[in-house]
Amino acid sequence: LGCTGTHFANAHGLHADDHYTTAYDIALFTKEALKHDLIREIVGSKTYKMPATNLSDARTFYNTNALVSNWHYIGYTYDKAIGVKTGTTDEAGKCLVSAAVNGEEYVICVVLGAPFKLEDGTASLRHFSDSKALLKWGLDNFKRTTISKGDAPVAQVAVTLSQEADCVMVKPIGSLSRTVPVDLNLDEIEADIALFHETVQAPVEEGQVLGAMTLSHDGEVYGTLDLV
């Protein structure tokens, strides 16, 4: 998944000196896990009713994530939250990985090491309040949008050994969608055209890849499209 700061020493997650991860890596775990419908159903459920067994009467379990359920804590639910997981140990503090969806916008938040108590000695629920604030900020300030500008020709390549044309036009194929700041002016996105050769020898086929167009803004590369 591209995680570089994680090492598992056990399967249950309780403290061990050689058991560690990072907020970024947890976000990568979560992004992958939420691709699965069953995981999304589980982490987004407010309750789960377990039928009686030969050792226990029927039981109801309540989600400990206050962004999803107000059974344990009141005042933190967020209607766009879809999970994901609480976690607390003495060493790690109070932790929460959360996610929220608004239409096509989808954000993940990871809060680690929240305190157990506030300065006045009352119990702290900062992992919930901070996560809710960050999720709202993410959805308010970023949007999923198509940053490529259609398939109009963007360059030409000279053709040799042809009796029909001296050049062919090349255009991007496909489209690029990315999550970008809502105030980003799409006209400021730079298109870097890289042709494989200045000339191409006939015959040239429709759809033949003759270069690439890389889209970027302020040093951040958003992606590359083939030029055909």
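Scroll up to find the structure.
All of the points below concern the structure found in this document. (Residues numbered from 1 in each chain as written. Predicted model: local features only at pLDDT ≥ 70, side-chain atom pairs only at ≥ 80, totals over all residues. Heavy atoms only, no water.)

## With respect to the environment of Glu-206
For Glu-206, the position within the fold is in the loop between β11 (199-201) and β12 (211-217). Take Glu-206: its relative accessible area is 84%, and that puts it in the exposed class. (Helix = DSSP H or I, 4+ residues; strand = E, 2+ residues; numbered from the N terminus. Buried < 20%, exposed > 50% of the residue type's maximum accessible area, 1.4 Å probe, protein only.)

## Side note on the sheet that holds strand β5 (residues 105-114)
Judged by pairing direction, the sheet is antiparallel, and its three strands sit side by side in the order β3-β4-β5 without closing on themselves. This sheet does not close on itself; its edge strands, each paired only once, are β3 (81-89) and β5. The average angle at which neighbouring strand axes cross in this sheet is 5°, direction not considered. Bridge count between β3 and strand β4 (residues 93-102): eight bridges; the pairing is antiparallel. The partner of Ala-81 across the bridge, within β4, is Ala-100. (Pairing = 2+ DSSP bridges. Axes fitted to C-alpha atoms, helices over the stretch in contact; angles between N-to-C directions.)

## Focus on the pattern of salt bridges
If charged atoms from side chains of opposite charge come close, those side chains can pair. Overall, the coordinates contain four salt bridges when judged by the stated rule. Two residues, Glu-32 and Lys-35, come together in a salt bridge whose shortest N-O distance is 3.1 Å. (Salt bridge = Lys/Arg side-chain N within 4 Å of Asp/Glu carboxyl O.)

## Describing the layout of surface pockets
The rolling of a water-molecule-sized probe over the atoms marks out the regions of remaining empty space. Each pocket or cavity is described by its volume, and for the largest pocket that value is around 950 Å³. Taken together, 29 residues make up the lining of the largest pocket; nearest its centre are Gly-13, His-19, Thr-21, Ile-26 and Gly-87. Broken down by element, the residue count for the lining of the largest pocket peaks at six residues, all from β3. Residues of the lining of the largest pocket, tallied by class, amount to 16 nonpolar, twelve polar and one charged. The space that makes up the second largest pocket amounts to roughly 540 Å³. Around the second largest pocket, the lining is made up of 15 residues, and of these Lys-31, Tyr-106, Val-107, Ile-108 and Thr-179 lie nearest the centre. Elements with a minimum of two residues in the lining of the second largest pocket: α1 (23-33), β5, α3 (126-141) and β6 (142-146). In the lining of the second largest pocket, the residues fall into eight nonpolar, two polar and five charged. (1 Å grid on protein atoms, 1.4 Å probe; cavity = no way out; pocket = protein on both sides within 12 Å on 5 of 7 lines; lining within 4 Å. Points joined across faces, edges and corners; volume = space filled by probe spheres on them. Nonpolar A, V, L, I, M, F, W, Y, C, P; charged D, E, K, R; others polar.)

## Some remarks on the pairing of β5
With eight bridges connecting them, β4 and β5 associate as antiparallel partners. Counted as the bridge partner of Asn-102 is Glu-105 from β5. The hairpin turn running from β4 into β5, its antiparallel successor, is two residues long, and Gly-103 in that turn takes a positive phi close to 65°.

## Observations concerning α3
Given a rise of 1.5 Å per residue, 16 residues ought to cover 22 Å, and the 22 Å separating the end C-alpha atoms of α3 matches this to within 8%. On its buried side, α3 packs onto β3, β4, β5 and β6. (Expected span 1.5 Å × (residues − 1). Contact = heavy atoms within 4.5 Å.)

## Considering α1
For an α-helix the count is 3.6 residues per turn, leaving residues at separations of three or four pointing the same way. Buried residues of α1: Asp-25, Ile-26, Leu-28 and Thr-30, and no others. Close packing links the buried residues of α1 with β3, β4 and β5.

## Concerning the state of the cysteines
Inspection of the entire model under this criterion finds zero disulfides. Here Cys-95 stays unpaired: no disulfide links it, and the sulfur of Cys-109, its closest cysteine neighbor, is 12 Å away. (Disulfide = S-S within 2.5 Å.)

## Quick word on the pairing of strand β7 (residues 155-160)
Side-chain alternation along β7 places Ala-155, Val-157 and Val-159 on a buried face and Gln-156, Ala-158 and Thr-160 on a face that remains uncovered. Two strands pair when backbone bridges link them, and β7 and strand β8 (residues 167-170) are joined in this way by four bridges, in the antiparallel orientation. Bridging from a neighbouring strand, Ala-155 pairs with Val-170 of β8. With antiparallel pairing between neighbouring strands as the criterion, β7 and β8 make up a hairpin whose turn holds six residues, including Leu-161 at a positive phi of roughly 60°. When β7 meets β11, the two strands line up parallel, connected through three bridges. Bridge pairing links Thr-160 to Gln-201 in β11.

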